[in-house]
Amino acid sequence: MPAPKIGLALGSGVARGWAHIGVLRRLEKEGIKPDLVCGTSIGALVGGLYLAGQLDTLEDWARDLGRMSLFRFLDLRLSGGGLISGKKLFKLIDDAVGETCIEDLPVPFSAITTELGTGHEIWVREGTLSKAINASYALPGLFSPQKIDSRWLIDGALTNPVPVSVCRALGARLVIAINLNADVFGMTNVGENSSIKALEEDDQNGFFKSSSPLNLMKHRFFDKSGSEPSIFGVMMSSLNIVQDRLSRSRLAGDPPDVTIAPRLAHLGLLEFDKAAEMIREGEEAAERSLPFLHHALKVLS
């Protein structure tokens, strides 16, 4: 019998999404290539650039990303649908993939999003790749919604954090799920305060001067007052609760054949500067799952 059609479901997880790079590297080394890829949020970003042949570019950028350089990409604003317009980050993706369309990718790809007006789960399977990616990680309150085909779309993590069901619907016989939140519930504030303190220590150019907008944002959104959590801490914890509950429910009803679960509980949702460690965790998680993956391939072949 021919080898089964392999679907790769790349889950959401904000900064922890760099672990996807490590997983893809290890699977590639093992000679396992997906026949279709579905991604949610950061999973759509990594999966889309992987299929566009830009994984090396993304990995180099992630590994070089320092704490202060990240803040230079956060174009704050006081109007619109998000605290950050996202234009600088969107431009990075546009520069990497250009006018590449999803239909031009070597295998089928779907970016999972959520329609703001209805709450429906939307699979973006055609059109400009960069627009689909930008819509999939448009975290409510942080990034502005993206308009595609007359619909305002936001982060797909609100409806399908690990898109196993999409892989099944698109014809995958063997589904490999990368779940970035398997061991992190209750740990969403890890790295929140330490990251901000480290940012201040690294601040050689005065980004956090008392009169700067970044300083205002830091005190308003990140600092804790007594025992009360910060605004951003509440946002991240709320997102993690949604992802955790939805993932458990949806994976119970439609489980993958193989789950790869990097151990990321010690890493914060905003620690984008720790790409090297997350990529390594992804590689190690994929390595642990190889016996199960080879067994599944044998059974389904």
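The paragraphs below set out a description of the structure included in this document.

Parameters and conventions
- Here the residue index of a chain counts from 1 through its sequence in written order.
- For this predicted model, a pLDDT threshold of at least 70 governs which residues receive local features, and a threshold of 80 or more governs which side-chain atom pairs are given and counted, while totals over whole chains, interfaces and linings are taken from all residues.
- Side-chain metrics rest on all non-hydrogen atoms present in the structure, leaving aside hydrogens and water.
- Every helix listed is a DSSP run of H or I at least four residues long, and every strand listed is a run of E at least two residues long, numbered separately from the N terminus.
- The buried label goes to any residue with under 20% of its type's maximum accessible area, the exposed label to any with over 50%, and the partly exposed label to all in between, with areas taken from a 1.4 Å probe on protein chains only.
- As used in this structure description, the phrase polar contact means that two N or O atoms lie within 3.5 Å; if the pair is within protein, one of them must be able to donate a hydrogen and the other to accept it, and residues adjacent in sequence are counted only when both atoms belong to side chains.
- What makes two residues a contact is simply this: any of their non-hydrogen atoms within 4.5 Å.
- Salt bridge, as used here: a side-chain nitrogen of Lys or Arg that lies within 4 Å of a carboxyl oxygen of Asp or Glu.
- Only the stretch in contact is used when a helix axis is fitted, and all axes are lines through C-alpha atoms; the angle between N-to-C directions ranges over 0 to 180 degrees.
- In these notes the angle categories are as follows: under 35 degrees is roughly parallel, over 145 is roughly antiparallel, 65 to 115 is roughly perpendicular, and the rest is oblique.
- With the far helix as reference, a near helix turned anticlockwise by less than a right angle produces a left-handed crossing, and one turned clockwise produces a right-handed crossing.
- Polar here means any residue other than Ala, Val, Leu, Ile, Met, Phe, Trp, Tyr, Cys and Pro, which are nonpolar, and Asp, Glu, Lys and Arg, which are charged; Gly is therefore polar.
- In this analysis, a patch consists of residues with relative accessible area above 30% that form no salt bridge, clustered at 9 Å for like charges and at 5 Å for the nonpolar side chains Val, Leu, Ile, Met, Phe, Trp and Tyr.
- In this description, accessible areas are obtained by the Shrake-Rupley approach with a 1.4 Å probe, and a residue is regarded as covered only by the protein chains that are shown.
- Under the convention used here, Asp and Glu are negative, Lys and Arg are positive, and both His and the chain ends fall outside the count.
- Taken as the charge centre is NZ of Lys, CZ of Arg, CG of Asp or CD of Glu, depending on the residue.
- Strands pair, by our definition, only if DSSP identifies at least two bridges between them.
- Working definition: rings of Phe, Tyr and Trp (its six-membered ring) pair if their centres are within 6.5 Å, and the pair is stacked with planes under 30 degrees apart, edge-to-face with planes over 60 apart, and tilted otherwise.

1. Regarding unusual backbone geometry
In step 1: Positive phi, close to 55 degrees, is recorded for Val14, a residue that is not glycine.
In step 2: Positionally, Val14 belongs in the loop between strand 1 (6-10) and helix 1 (19-29).
In step 3: For Val14, a relative accessible area of 17% puts it in the buried group.
In step 4: At Ser41, a position not held by glycine, the phi torsion is positive, near 60 degrees.
In step 5: Its place among the elements puts Ser41 in the loop between strand 2 (36-40) and helix 2 (42-51).

2. Digging into the side chain of Thr40
In step 1: Assignment of secondary structure puts Thr40 in strand 2.
In step 2: From its side chain, Thr40 meets the backbone oxygen of Asn160 in a polar contact 2.8 Å long.
In step 3: Contacts of Thr40, omitting those with residues within four sequence positions, involve Leu10, Gly11, Ser12, Ile112, Ser136, Asp155, Gly156, Ala157, Asn160, Pro161 and Pro163.

3. Quick look at the environment of Ser12
In step 1: Tracing the chain through its elements places Ser12 in the loop between strand 1 and helix 1.
In step 2: You can call Ser12 buried: its relative accessible area is 1%.
In step 3: Through-space distance from the C-alpha of Ser12 to that of Leu45 is 9.8 Å; in sequence the pair is 33 residues apart.
In step 4: Beyond its immediate stretch of four places on either side in the chain, Ser12 contacts Thr40, Ser41, Ile42, Ala157, Pro161, Leu180, Asn181 and Gln243.

4. Some thoughts on the pattern of salt bridges
One side chain can pair with another of opposite charge once the charged atoms of both are near each other.
In step 1: Enumeration according to the criterion identifies twelve salt bridges in this entry.
In step 2: Ionic pairing is found between Glu59 and Arg63, a salt bridge with its closest N-O pair at 2.8 Å. Separated by four residues within a single helix, Glu59 and Arg63 lie in helix 3 (residues 55-64), roughly one turn from each other.
In step 3: One network of salt bridges, in which partners are shared, links Arg25, Glu28, Asp56, Glu59 and Arg63.

5. Overview of the packing of helix 1 against helix 11 (residues 275-300)
Think of two packed helices as two axes; the pair is described by the angle between the axes and how far apart they sit.
In step 1: The contact between helix 1 and helix 11 brings their axes to 7 Å, and the two run at 45 degrees. What the angle tells us is that helix 1 and helix 11 run oblique. Where helix 1 crosses over helix 11, the handedness of that crossing is right-handed. Note on element contacts: helix 11 touches helix 1 through Met278, Ile279, Gly282, Glu283, Ala286, Glu287, Leu290 and Leu293, opposite Ala19, Ile21, Gly22, Val23, Arg25, Arg26 and Leu27.
In step 2: Residues belonging to the contact of helix 1 with helix 11 are distributed by class as follows: nine nonpolar, two polar and four charged.

6. What to know about the side chain of Ser41
In step 1: For Ser41, a relative accessible area of 6% puts it in the buried group.
In step 2: Apart from residues no more than four positions distant in its own chain, Ser41 is found in contact with Ser12, Ile112, Ser136, Tyr137 and Asp155.

7. With respect to a negative patch on the surface
In step 1: There is a patch of like negative charges on the surface, built from Glu103, Asp104, Glu126 and Asp149.
In step 2: Looking at the secondary structure, you find Glu103 in the loop between helix 5 (87-97) and strand 4 (109-115).
In step 3: Residue classification places Glu103 among the partly exposed residues on the basis of a relative accessible area of 47%.

8. Topic: the pairing of strand 1
In step 1: When you tally the buried positions in strand 1, you get five out of five residues, the bulk of the element.
In step 2: On strand 1, burial covers both faces: Ile6, Leu8 and Leu10 on one face and Gly7 and Ala9 on the other are all buried.
In step 3: As judged from the five bridges shared by strand 1 and strand 9 (residues 174-178), these two strands associate in the parallel manner. Each residue of the ladder has a partner; that of Gly7, found in strand 9, is Val175.
In step 4: Alignment of strand 1 against strand 2, held across four bridges, turns out to be parallel. Pairing of Leu8 across the sheet is with Val37, part of strand 2.

9. A short note on the packing of aromatic side chains
Given two aromatic rings, their pairing is described by the distance between the two centres and the angle made by the two planes.
In step 1: Taken as a whole, this structure holds three aromatic pairs when the rule is applied.
In step 2: Ring geometry for Trp18 versus Trp61: centroids 6.2 Å apart, planes at 75 degrees, classification edge-to-face. Note that Trp18 is positioned in the loop between strand 1 and helix 1 and Trp61 in helix 3, a separation of 43 residues in sequence.
In step 3: Among the residues examined, Trp18 registers a relative accessible area of 1% and is labelled buried.
In step 4: Arranged with centres 6.1 Å apart and planes meeting at 75 degrees, the rings of Trp18 and Phe272 form a pair that is edge-to-face. One end of the pair, Trp18, is in the loop between strand 1 and helix 1; the other, Phe272, is in the loop between strand 10 (258-260) and helix 11, with 254 residues separating them in the sequence.
In step 5: Chaining the aromatic ring pairs together yields one cluster made of Trp18, Trp61 and Phe272.

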